[in-house]
Amino acid sequence: MARKPRPHDEELPFVALMDTMTNVVGVLIIVLVLIGLGLAKSVKKVLSDLPLVSIEEHEALKAELAQFKDLRDPADIQTDIVKREADLQKITEALNTLETQKQKNPVVLVDLDALSKKLEAAQKERNERKSTIDLLLAEIDKLKIQLDSTPAYVPPASIGVRLPLSKPFPEKADPQHFLISEGRVMFLAHEDFKKLVEMELRKARRDYTVRQDVLKDPNGKPLMKKDSGGMNVVQKKLIFDGPKMTSFFNSANLGNRDTKVEVIQQPNSSNVQLRLLAKPDGGEALDQVKSVTSQFRSRLAALRSNKDAVLWFHVCRDSIPAYLAIRDIVDAVGFPVSWDIYDNPSFTFTFPQDYLVDFTPPPAPAPNPNAPPPVVIAAPKTAVD
């Protein structure tokens, strides 16, 4: 059996044309059928509305209709055919044009639900940004009001300070500490308070004492030292409970008219510290110091017999003018002076290692072998000016 030959590529346009014409003819046939049905219905309605005629009248009408059929001109029929073929050609060309446009511009279906969700998200983000912007604008308005109501800064009057002539601190110096805070100067009797607190710490029967460790030499023998009476006694290290010790001394209310005494544990350490805090009305103001009967001048007069006395002023930042005025009084007497700047109106003294707090330091982090060696800056040497 012979194989059916495959159609050549040049036959494809003719096939497409035939399909299009077939579709058009089919549509025309359907239209004609519909027209015929509508015409039949109309004829039926017309016939139903016609009056009844007799046989003679019907024959007469048929004869008249035959005359009209004979009068149809064939040329008119040919002209009608040519016109209809031209209309068919126009419809075919229109269909081809539409098919070409469809292939060039395919219709893309749009997901309306996705677009709606994106629109809602964009509106929500817009509303959030609008709320944030409104808050920022309100804050800007508030800052503008505060800026308008803020008075212009007026710098304080300048203070003349002479450059100190630094000298080494005397080896046998007996420092006498003074605190100047809020323009008031007070004597810090820290040695007196130190002796008082040491007497309390030596009473090992206190409930804040944890244990007593006897100090021994490398051979295991107890170390000896001389007490204040010249007697040899065993060296002991007293270990205290930090919170209980602090609570005990806080309830004791140690101090005087100028300062309040606190005994505390040094932060993150086992050391015991003595802290002297300035009372609000403690010390003397500058106008009181200038009086010849002031306590400050009386203290200077009592220290004249101490050749090793060095006045050490701890000056808070708000009291530099007061220190300069007091310094003029001290220079007139002739005492050597040392001074430093303090941030807080307090003086702290650390007790010897004979008195410690039971404290376990946290483990140190592992050293980094690649880290550079730390930079060690030596503390400035104490001097007088």
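It should be noted that the structure appears before, not after, this text.
The structure presented is a predicted model; accordingly, all values stated were derived computationally and were not measured. (Residues numbered from 1 in each chain as written. Predicted model: local features only at pLDDT ≥ 70, side-chain atom pairs only at ≥ 80, totals over all residues. Heavy atoms only, no water.)

*Asks:* Break down the overall build of the protein chain for me, with residues and values.
*Replies:* The number of helices and strands found in the protein chain is nine helices and 15 strands. For the protein chain, buried positions account for 21% of its 385 residues. Restricting to contacts in the protein chain with at least 6 residues of sequence separation, those with at least 24 account for 71%. As displayed, the protein chain has an accessible area near 29900 Å², and 59% of this comes from carbon and sulfur atoms. (Helix = DSSP H or I, 4+ residues; strand = E, 2+ residues; numbered from the N terminus. Buried < 20%, exposed > 50% of the residue type's maximum accessible area, 1.4 Å probe, protein only. Contact = heavy atoms within 4.5 Å. Areas by Shrake-Rupley, 256 points an atom, 1.4 Å probe, with all protein chains shown as cover.)

*Asks:* Could you give an account of the pairing of strand β2 (residues 174–181), with specific residues and numbers?
*Replies:* β2 sits mainly inside the fold: six of its eight residues count as buried. Sheet topology places β2 next to strand β3 (residues 184–187); four bridges connect them, and they run antiparallel. Bridging from a neighbouring strand, Ile 180 pairs with Val 185 of β3. Linking β2 to β3, which pair antiparallel, is a turn of two residues; within it Glu 182 sits at a positive phi near 55°. (Pairing = 2+ DSSP bridges.)

*Asks:* Describe the nonpolar core, and please don't skip the residues or the numbers.
*Replies:* Counting residues in each nonpolar core, the largest one holds 44 residues, and the members touching the most others are Met 245, Phe 296, Leu 311, Phe 313 and Val 330. Other than its neighbours up to four places away in sequence, Met 245 contacts Leu 201, Tyr 208, Phe 240, Val 263, Ile 264, Gln 265, Val 272 and Val 357. (Core = buried A, V, L, I, M, F, W, Y, C linked by side-chain atoms within 4.5 Å.)

*Asks:* Break down a nonpolar patch on the surface for me, citing the residues and quoting the values.
*Replies:* A cluster of nonpolar side chains, contributed by Val 25, Ile 29, Ile 30, Val 33, Leu 34 and Leu 37, occupies part of the molecular surface with about 570 Å² of accessible area. In this fold, Ile 29 is placed in helix α1 (residues 12–49). (Patch = residues over 30% accessible without salt bridge, like charges linked within 9 Å, V, L, I, M, F, W, Y side chains within 5 Å. Salt bridge = Lys/Arg side-chain N within 4 Å of Asp/Glu carboxyl O.)

*Asks:* Please provide a residue-by-residue account of the sheet that holds strand β8 (residues 259–265), values included.
*Replies:* Strand order in the open sheet made by the three strands is β8-β9-β13, with antiparallel pairing throughout. The strands lining the two open edges of the sheet, one partner per strand, are β8 and β13 (346–350). Strand-to-strand twist across the sheet, computed as the mean angle between neighbouring axes with direction ignored, equals 20°. The sheet contact formed by strand β9 (residues 272–278) and β13 spans five bridges and is antiparallel. Across the sheet, Leu 276 pairs through a bridge with Phe 347, a residue of β13. In this fold helix α5 (residues 190–202) packs onto β8, β9 and β13, with an angle of close to 135° to the strand it touches most, β9. (Axes fitted to C-alpha atoms, helices over the stretch in contact; angles between N-to-C directions.)

*Asks:* Hey, could you go over a negative patch on the surface for me, with residue numbers and the actual values?
*Replies:* A cluster of acidic side chains, namely Asp 174, Glu 191, Asp 192 and Asp 308, defines a negative patch on the protein surface. The topology assignment puts Glu 191 in helix α5. Of the residues examined, Glu 191 reaches a relative accessible area of 38% and is grouped as partly exposed. (Lys, Arg positive; Asp, Glu negative; His and termini not counted. Charge placed at Lys NZ, Arg CZ, Asp CG, Glu CD.)

*Asks:* Can you tell me about the sheet that holds β2, naming the residues and giving the values?
*Replies:* In spatial order, the strands read β10-β3-β2-β11-β12; together these five strands make up an open sheet with mixed pairing. What marks the edges here is a single partner per strand, and that holds for β10 (284–285) and β12 (337–342). Sitting on the sheet, helix α8 (residues 295–303) touches β2, β3, β10 and β11 (309–316), and the angle it makes with β11 is about 150°.

*Asks:* Which residues make up the packing of α8 against helix α9 (residues 320–333), and what values do they have?
*Replies:* Between α8 and α9, the least distance of the axes is 12 Å, while the angle of their chain directions is 30°. As the angle between them shows, α8 and α9 are arranged roughly parallel. Crossing hand, α8 versus α9: right-handed. Between α8, through Phe 296, Arg 297 and Leu 300, and α9, the contact on the second element is made entirely by Ile 326, Ile 329, Val 330 and Val 333. Tallied by class, residues from the contact of α8 with α9 come to six nonpolar, no polar and one charged. (Parallel < 35°, antiparallel > 145°, perpendicular 65-115°, else oblique. Left-handed = near helix turned anticlockwise from the far one by under 90°. Nonpolar A, V, L, I, M, F, W, Y, C, P; charged D, E, K, R; others polar.)

*Asks:* How would you sum up the packing of α5 against helix α6 (residues 242–252)? Please name residues and give values.
*Replies:* The axes of two packed helices give the description: the angle between them and the distance between them. Following both chains from N to C, one finds α5 and α6 inclined at 130°, their axes separated by 13 Å at the closest point. By the angle between their directions, the pair α5 and α6 is classed as oblique. The crossing of α5 and α6 is right-handed. Together, Val 197, Glu 200 and Leu 201 of α5 and Met 245, Phe 248 and Phe 249 of α6 make up the contact between the two elements.

*Asks:* Please provide a residue-by-residue account of the packing of aromatic side chains, values included.
*Replies:* The tally for this structure, following the rule as stated, stands at 13 aromatic pairs. Taking 6.1 Å as the distance between ring centres and 50° as the angle between the ring planes, the aromatic pair formed by Tyr 208 and Phe 249 counts as tilted. Placement of Tyr 208 in the loop between α5 and β4 (209–214) and of Phe 249 in helix α6 is noted, with a sequence separation of 41 residues between them. Taken together through their ring pairs, the aromatic side chains of Phe 178, Phe 187, Phe 296, Phe 313, Tyr 323 and Trp 339 make up a single cluster. In this arrangement the basic side chain of Arg 299 is found over the ring face of Phe 187, its NZ or CZ atom lying 4.0 Å from the centre. (Phe/Tyr/Trp six-rings, centres within 6.5 Å; stacked < 30°, edge-to-face > 60°. Lys NZ or Arg CZ within 6 Å of the ring centre and 35° of its normal.)

*Asks:* Can you explain the pattern of salt bridges? Please cite residues and give values.
*Replies:* Inspection of the entire model under this criterion finds ten salt bridges. The partner of Asp 343 in a salt bridge is Arg 317, with the nearest N and O atoms 2.6 Å apart. Residue Asp 343 is found in the loop between β12 and β13, and its partner Arg 317 is found in the loop between β11 and α9; the two are separated by 26 residues along the sequence. Overall, Asp 343 belongs to the exposed group, its relative accessible area being 58%. Among the salt bridges present, the one from Arg 327 reaches Asp 331, with a minimum N-O distance of 2.9 Å. Of this pair, Arg 327 and Asp 331 both sit in helix α9, separated by four residues, roughly a single helical turn. Given the relative accessible area of 8%, Arg 327 is considered buried. Connected through salt bridges with shared partners, the residues Arg 211, Asp 213 and Asp 358 form a single ionic network.

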